[in-house]
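Commentary on secondary and tertiary structure
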Amino acid sequence: MPKNLDIQVPPLNGKLALVTGASDGIGFHIAARLARAGAEVVMPVRNREKGEKAAARIRASNPSAKLELRDLDLSSLTSVATLTDELVTEERPLNILINNAGVMTPPERRETGDGFELQFGTNHLGHFALTTGLLPLLKEGKARVTTQISVAANQGAVNWDDLNWERSYSSMGSYSSSKIATGLLGMHLHRLSEANGWGITSNLSHPGVSPTNLLSAQPGMGRTSDTTEVKVIRVLSRIGIAGTPQSAALPAVLAATSPGAKGGRLYGPKGPGHIGGRPGEQKLYSRVTSEADARRLWELSEQLVAEHVAS
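Notes on the structure follow. Quick caveat, the model's predicted, so the values are computed rather than measured. (Residues numbered from 1 in each chain as written. Predicted model: local features only at pLDDT ≥ 70, side-chain atom pairs only at ≥ 80, totals over all residues. Heavy atoms only, no water.)

1. Section: helix H4 (residues 118-133)
The largest bend along H4 reaches roughly 30° and is located at Leu125. By the criterion of burial, H4 is predominantly enclosed, with 14 of the 16 residues buried. (Bend = angle between axes of the 7 residues up to and from the residue. Helix = DSSP H or I, 4+ residues; strand = E, 2+ residues; numbered from the N terminus. Buried < 20%, exposed > 50% of the residue type's maximum accessible area, 1.4 Å probe, protein only.)

2. Topic: the nonpolar core
Taken as a class, soluble globular proteins show a tendency for nonpolar side chains to be buried jointly. Counting 45 residues, the largest nonpolar core has Leu18, Leu94, Leu134 and Leu138 as the members making the most contacts within it. Breaking this core down by element, the ones donating at least two residues are strand S1 (16-19), helix H3 (77-90), H4, helix H5 (135-140), helix H6 (171-196) and helix H10 (291-310). Discounting chain neighbours no more than four positions away, the residues touching Leu134 are Leu18, Thr84, Leu87 and Leu94. Counting residues in hydrophobic clusters, the runner-up holds 35 residues, among them Val9, Leu34, Met43 and Tyr267. (Core = buried A, V, L, I, M, F, W, Y, C linked by side-chain atoms within 4.5 Å. Contact = heavy atoms within 4.5 Å.)

3. Comments concerning the sheet that holds strand S3 (residues 66-71)
Ordered in space as S3-S2-S1-S4-S5-S6-S7-S8, the 8 strands form an open sheet in which the pairing is mixed. Of all the strands in the sheet, the pair left with one neighbour each is S3 and strand S8 (279-282). Averaged over all neighbouring strand pairs, the angle between strand axes comes to 25°, with direction disregarded. Pairing of strand S6 (residues 201-205) with strand S7 (residues 266-269) involves 2 bridges; the strand directions are parallel. Of the residues in S7, the one forming a bridge with Leu204 is Leu266. The sheet contacts of H3 involve S1, strand S2 (40-45) and S3, and relative to S3 the element is tilted by about 135°. (Pairing = 2+ DSSP bridges. Axes fitted to C-alpha atoms, helices over the stretch in contact; angles between N-to-C directions.)

Next comes the structure, spelled out in structure tokens:
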């Protein structure tokens, strides 16, 4: 990674961090950077073998890295509840939470095991249940919570009339809707913290554009070959316009660790079109600023999670 893109990360010794999606792509580089700064990093993973390999890669360049694998499938509210219950029982204050993981644009509509549209259920509801389930630890740790959104959150809208996209599925429309929802979650968490004196600082980040596996061939997602989009992104990354997975990790790291990063703000790449470049603060996307929308979605998400847990 070019030195002009890099950032300084303060010492994180004694800090406990949790990063979703840390076994691959941008999440892997977020976890590696936090560990390099001295944090103990919890890596909740869906595929334990893949997680072990990711942890081994981090330790290969940083033998003193403090890493802990846990099991988590964000598309399963039962799995989320199992993890949050375990961690809350252990009573270790959590200082950093980075909600990074996600799924993107399956070509055909898919559902989670709980019956939610896959992108809404994973990107938003899974992270909502995780964050609210960990609230006791986040309050105790005076945590910084950074929620990863996307440039796609600057287009489209929350599909209020059909959150599960049952009537007219659009892969990108659903993706944008889920990322706007996660942004509203992050913004409302900061407002709640300020109103109730929780001591949690919640902000947003986006990685710009980089060649990760989100748009690559994924048979499990119904995608048998690389998309045209990811092929173009690889070219843009090679010529320095788009980012790399390593540089795309930096906005979230900045938002989650920098003493100057504030709650209720958005951090992302500062290059042309905000698809690459050095990370910094950006203007909030208009779609994540509505307090009324955020409150409505938070209350609705509480109901959906509670109904599932009760069933």
